[in-house]
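Structural features, examined
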Amino acid sequence: ISGLGFRPDLVIVKGNGTTLAVFRTAMMRGDSTAYFSAATANFSGGITSLDTDGFSVGGSATVNSSGVTYHWQAFGNAFNPYTNSGSERFAIGAYYGNAIDSRNITRLPWQPDMVTIKGSGATAGTWRSSALSGDLSSFFSAVAETADAIQSLNSDGFQIGTTAYVNTAANTYWWFAFRTGANFKVDSYAGTGSAQNIPV
């Protein structure tokens, strides 16, 4: 897939059938793609590389079955903590799990409003937005919100707990974060069982 006009830092792919949504960030080396909702380890043959002007996919049925249409999203210019440059509203990163509670992942120059985390191992992806209260995180799969995952969103990053979703010792975790702005918002609404307009 070429012609983006930029090198992507995050690519998300989902087929129009029963395949699971997957993603890859520029921090993920080698041939490694992560699932959002499946408690399954990263796999090869998915999004095989992020290129200077797009990305490449392999032969995995998750991203490249004959006759299936795949929809993708690509995000570039992620904030780089080493050069202190890049986006003021989008960042990617990785950390090594240590199973220590209330661990702060820092080095962002702004407070995120949404963080997504997925380990390389057999855990499902979890996310938290600034609309969630207390110590709760949500999931991309049909699992109830849980505590002790992404515990809070801080002024320079986020805090994680000890659940396997975010902090098993000796596991690598990949994350991406967004900050609200003119083109990105988060909030919540109460269900009514009837059609309704969602105010901003």
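Scroll up to find the structure.
A brief report on the enclosed structure follows. It should be emphasised that the depicted structure is a prediction, and the values quoted were computed from it without experimental measurement. (Residues numbered from 1 in each chain as written. Predicted model: local features only at pLDDT ≥ 70, side-chain atom pairs only at ≥ 80, totals over all residues. Heavy atoms only, no water.)

With respect to the packing of aromatic side chains
Under the defined criterion, the tally for this structure stands at 15 aromatic pairs. Relative to Phe90, the ring of Phe75 has its centre 5.8 Å away and its plane inclined at 45°; by these criteria the two rings are tilted. Of this pair, Phe75 sits in strand E6 (residues 70-76) while Phe90 sits in strand E7 (residues 90-96); the two residues are 15 residues apart in sequence, bridging distant segments of the chain. According to the relative accessible area criterion, Phe75 is partly exposed, its value standing at 24%. Aromatic side chains Phe90 and Phe178 sit 5.2 Å apart centroid to centroid with 15° between the ring planes, which places their arrangement in the stacked category. (Phe/Tyr/Trp six-rings, centres within 6.5 Å; stacked < 30°, edge-to-face > 60°. Helix = DSSP H or I, 4+ residues; strand = E, 2+ residues; numbered from the N terminus. Buried < 20%, exposed > 50% of the residue type's maximum accessible area, 1.4 Å probe, protein only.)

Focus: the side chain of Thr123
Among the structural elements, Thr123 can be located in the loop between strand E9 (114-119) and strand E10 (126-129). Ignoring sequence-local partners within four residues, the contact set of Thr123 consists of Ala38, Ala39, Thr40, Lys118, Ala164 and Tyr165. (Contact = heavy atoms within 4.5 Å.)

Observations regarding the pairing of strand E2 (residues 22-25)
Side chains Val22 and Arg24 of E2 all project onto a buried face; the interleaved residues Phe23 and Thr25 project onto the opposite face, where all are buried too. Strand direction decides the pairing type here: strand E1 (residues 8-15) and E2, joined by four bridges, are antiparallel. Paired with Val11 across the strands is Arg24, a residue of E2. What sits between the antiparallel neighbours E1 and E2 is a turn of six residues. Of the strand pairs in this sheet, E2 and strand E3 (residues 34-35) are connected by two bridges, and their pairing is antiparallel. When the bridges of E3 are listed, Phe23 appears paired with Ala34. (Pairing = 2+ DSSP bridges.)

It is worth stressing that arrangement in space is one thing and function is another; only the former is reported here.
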